[in-house]
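Single-letter residue listing:
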Amino acid sequence: MERKGRKRRRLCGGIADVDIVKVMSELSTRHLLGIKDLTAQDIHLIFDTADNFKEVINRPIKKVPSLRDITIANIFFENSTRTKLSFELAQKRLSADVINFSASQSSVKKGETLLDTVNNILSMKVDMVVMRHPNPGAPHFLSKHVDVSIVNAGDGAHEHPTQALLDTYSIREKFGKVEGRKVVIVGDILHSRVALSNIFALQRLGAEVKVCGPLSLMPKHLGDLGVEVETDLRKALDWCEVANMLRVQNERLDRSYFPSTREYAQQFGLTGELLREMDKELVIMHPGPINRGVEISSEVADSDQSIILDQVENGVAVRMAVIYLLASKIKK
Amino acid sequence: MRSMRPKLLLNAKEIDILLHRLACQLLENHLDFSESVLIGLQPRGIYLAQRLQQILVDEYKVENVPLGALDITFYRDDFRRGDKPLVANQTQIDFLVEDKRVVFIDDVLYTGRSIRAALTAIQSFGRPTTVELLTLIDRRFSRHLPIQPTYRGRQVDAINRERVEVKWKEKDGKDAVYVVESQT
């Protein structure tokens with residue numbers, strides 16, 4: 001019955017250990033708006049809880065009754081497949097009641113404001129809202145005006161905290177810990193909420209982060225975050241242990257940021273040929289959806305070095321952990 | 001309220017005798033354990049379960065005694081009701097309990113609510129033929145639910161203000177069972 005150090009400590013009695021439990025058993029926040037608001041301890045607590053849920057979702061019956069008195073609204077003002085499915089599955093595996101709302105099929109089209117929409121949903125006695133919105137800060141705005149737990153499922157080009165948590169959780173699973181790992185995030189950093197949340201999460205856990213991509217797709221403030229920009233993919237790959245390949249967000253490109261998709265693929269696309277040239281065991285990640293042949297070739301995406309599908313599996317466990325921990329703070 | 005000094009209920013020698021008696025009772029009912037599994041309940045039942053497995057294998061030469069650890073945190077009925085959040089422990093059950101004879105093992109049986117949760121939790125691993133309960137200490141007159149142990153080490157009358165603490169050598173330095181007056 002092998003268990004990890006942290007877990008073993010938690011089992012022990014004694015006064016010092018009780019303190020550890022106290023610090024470690026609760027999140028410091030009642031919303032998950034961004035990684036920026038989380039402490040390293042919060043993230044470790046989410047990871048440890050996700051370990052438990054990962055075991056749960058690999059059982060013959062993958063469901064626990066913890067949240068049977070909790071109702072959660074998933075409000076999506078922007079398209080999503082993976083995130084929405086993953087959240088919904090996580091909620092159902094915790095036995096929560098779930099209602100789904102997509103802006104495209106709703107009264108938002110008739111001119112209703114965000115606050116009115118949400119207040120109407122809340123009057124149906126909802127305990128938690130998971131929201132995706134095209135405007136940065138929308139969940140923060142909501143958290144100040146309604147009395148319910150809010151989980152940010154992506155707000156514009158700002159943050160996507162659960163994606164960053166599942167990415168770093170996958171790195172932790174692969175390497176044992178995140179601290180000291182060298183991670184490069186490749187692609188459209190300017191429009192990517194995944195990149196920003198990942199940078200926050202990796203730095204908080206003590207990893208080294210670089211970003212790589214065309215300069216036109218780099219935001220100005222990167223220097224302030226202590227993140228180095230590398231424009232040569234070869235050099236970046238040479239340095240790193242993990243490469244997180246991002247999609248070019250064509251739907252957010254308001255003008256031309258690079259000459260052509262073909263040229264982008266030639267300079268920043270990860271191919272099997274390039275990987276063989278590197279001659280080392282890189283771990284390849286991608287938050288999805290993949291544009292095969294652009295930022296990543298099929299050969300690489302489907303190779304043994306890719307942990308893309310592990311990320312998706314971990315996404316459910318991590319989201320279960322986040323929802324469980326936030327729900328435990330909802331007053332009865 | 002001042003807390004009293006802990007009262008020693010069982011010493012190491014007495015615990016050792018009880019463990020051997022319990023192991024023999026298990027042996028009597030389950031023989032070679034080919035269709036039986038021991039499930040220690042997290043966090044404190046696993047030490048008792050490991051001890052019993054050890055005695056069965058080392059002293060009574062049972063070849064294979066399957067042992068798992070079950071955490072019931074996500075099945076408890078007091079989620080969001082206590083002051084402190086519930087912290088989960090590891091569940092490790094590397095076998096299906098379908099058509100097996102399951103023995104739940106916990107150190108103290110008090111209200112019975114943990115066992116109720118464990119009965120729900122074990123269903124996630126299949127449908128056992130039977131479920132039995134082994135407990136080192138059975139606190140009488142304190143049950144909230146109609147649950148009784150199949151095998152009990154020692155029955156104790158303790159008032160609600162008191163707590164029964166089971167200490168194990170491998171974790172707490174020595175084997176002992178105390179009755180302590182709780183601080184609250």
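Conventions we followed
- Residues numbered from 1 in each chain as written.
- Chains lettered and ligands numbered in written order.
- Predicted model: local features only at pLDDT ≥ 70, side-chain atom pairs only at ≥ 80, totals over all residues.
- Helix = DSSP H or I, 4+ residues; strand = E, 2+ residues; numbered from the N terminus.
- Rg over C-alpha atoms; globule rule 2.2 N^0.38 Å.
- Buried ≥ 20, exposed ≤ 12 C-beta atoms within 10 Å, placed from the backbone.
- Contact = placed C-beta atoms within 7 Å.
- Nonpolar A, V, L, I, M, F, W, Y, C, P; charged D, E, K, R; others polar.
- Pairing = 2+ DSSP bridges.
- Axes fitted to C-alpha atoms, helices over the stretch in contact; angles between N-to-C directions.
- Domains from an automatic or database assignment.
- Expected span 1.5 Å × (residues − 1).
- pLDDT = per-residue confidence, 0-100.
- Left-handed = near helix turned anticlockwise from the far one by under 90°.

Trainee: Describe the overall build of chain A, and please don't skip the residues or the numbers.
Mentor: Along the backbone of chain A there are 13 helices and nine strands. Its C-alpha atoms give chain A a radius of gyration of 20 Å, within 12% of the compact-globule value 20 Å for 332 residues. Principal-axis analysis of the C-alpha atoms gives chain A an extent of 60 × 55 × 40 Å. When the 332 residues of chain A are sorted by exposure, 43% land in the buried category. Within chain A, counting contacts between residues at least 6 apart in sequence, those at least 24 apart form 74% of the total.

Trainee: Account for the interface of chain B and chain A, with residues named and values stated.
Mentor: Chain B puts 25 residues into the contact, and the matching count from chain A is 22 residues. When grouped by side-chain class, the residues that make up the side of chain B that touches chain A number 12 nonpolar, eight polar and five charged.

Trainee: Explain the sheet that holds strand E7 (residues 162–167) of chain B residue by residue, including any values.
Mentor: All names here are of chain B. Taken in spatial order, the three strands of this open sheet run E1-E8-E7, and their pairing is antiparallel. Both edges of this open sheet fall to strand E1 (7–10) and E7, since each of them pairs with a single strand only. Sheet twist, expressed as the average angle between the axes of neighbouring strands with direction ignored, equals 30°. Note: E1 against strand E8 (residues 176–181), three bridges, orientation antiparallel. Bridging across to E8, Lys-7 finds its partner in Val-179.

Trainee: Tell me about the environment of Leu-115 of chain A, and name the residues and values.
Mentor: Checked against the element boundaries, Leu-115 of chain A lands in helix H5 (residues 114–122). Distance in space between the C-alpha atoms of Leu-115 of chain A and Phe-141 of chain A is 9.1 Å, their sequence separation being 26 residues.

Trainee: I'd like a rundown of unusual backbone geometry, residues and numbers included.
Mentor: A cis geometry characterises the amide bond from Gly-288 of chain A onward to Pro-289 of chain A, with omega recorded as -5°. Position of Pro-289 of chain A relative to the elements: it lies in the loop between strand E9 (283–285) and helix H12 (298–301). In this model, Gln-42 of chain B is joined to Pro-43 of chain B through a cis peptide bond whose omega is -5°.

Trainee: Lay out the domain arrangement of chain A with the relevant residues and their values.
Mentor: Interface size is often expressed as the accessible area that is lost when the parts come together. All names here are of chain A. Looking at chain A, the domain boundaries give domain 1 (29–160 + 313–327) and domain 2 (161–312). For domain 1 versus domain 2, the separation of C-alpha centres amounts to 25 Å. The partner domain 2 presents 26 residues to the 25 residues of domain 1 that form the contact. Of all elements in the fold, only helix H3 (40–56), strand E4 (149–155) and helix H13 (308–327) reach the threshold of two or more residues within the side of domain 1 that touches domain 2. The dominant element in the side of domain 1 that touches domain 2, judged by the number of residues it contributes, is H13, at six residues. Its residues assigned to classes, the side of domain 1 that touches domain 2 shows 11 nonpolar, eight polar and six charged.

Trainee: Which residues make up helix H4 (residues 82–93) of chain A, and what are the values?
Mentor: All names here are of chain A. The end-to-end C-alpha separation of H4 is 16 Å, in line with the 16 Å expected for 12 residues at 1.5 Å each. Looking at the buried side of H4, the elements it contacts are strand E1 (71–76), strand E2 (97–102), strand E3 (128–133), E4 and H13. Count one or two residues on from H4 and you reach Ser-95, which has phi positive near 70°.

Trainee: Could you give me a rundown of the confidence of the model for chain B, with the residues and numbers involved?
Mentor: On average, residues of chain B carry a pLDDT of 91, and 97% of them reach 70 or more. For this predicted complex, the interface score ipTM comes out at 0.79, alongside a pTM of 0.86.

Trainee: With reference to specific residues and values, describe the packing of helix H7 (residues 161–175) of chain A against H13 of chain A.
Mentor: Residue and element names in this part refer to chain A. Two elements in contact, H7 and H13, have axes whose closest approach is 8 Å; the angle formed by their N-to-C orientations is 115°. Helix-helix and strand crossings are classified by hand; for H7 and H13 the assignment is right-handed. Together, Thr-162, Leu-165, Leu-166, Asp-167, Tyr-169, Ser-170 and Glu-173 of H7 and Asp-310, Gln-311, Asn-314, Gly-315, Val-318, Arg-319 and Val-322 of H13 make up the contact between the two elements. Counted by class, the contact of H7 with H13 contains five nonpolar, five polar and four charged residues.

Trainee: Explain the sheet that holds strand E5 (residues 182–186) of chain A to me, using residue names and the numbers behind them.
Mentor: Within a beta sheet, neighbouring strands are joined by backbone hydrogen bonds and run either parallel or antiparallel to one another. All names here are of chain A. Strand order in the open sheet formed by five strands is E7-E6-E5-E8-E9, and the pairing between neighbours is parallel. In this open sheet, the two edge strands, each paired with only one partner strand, are strand E7 (228–230) and E9. The sheet shows a mean angle of 25° between the axes of neighbouring strands, taken without regard to direction. Where E5 lies against strand E6 (residues 208–212), five bridges are found, and the strand directions are parallel. What sits directly across from Val-183, in E6, is Val-209.

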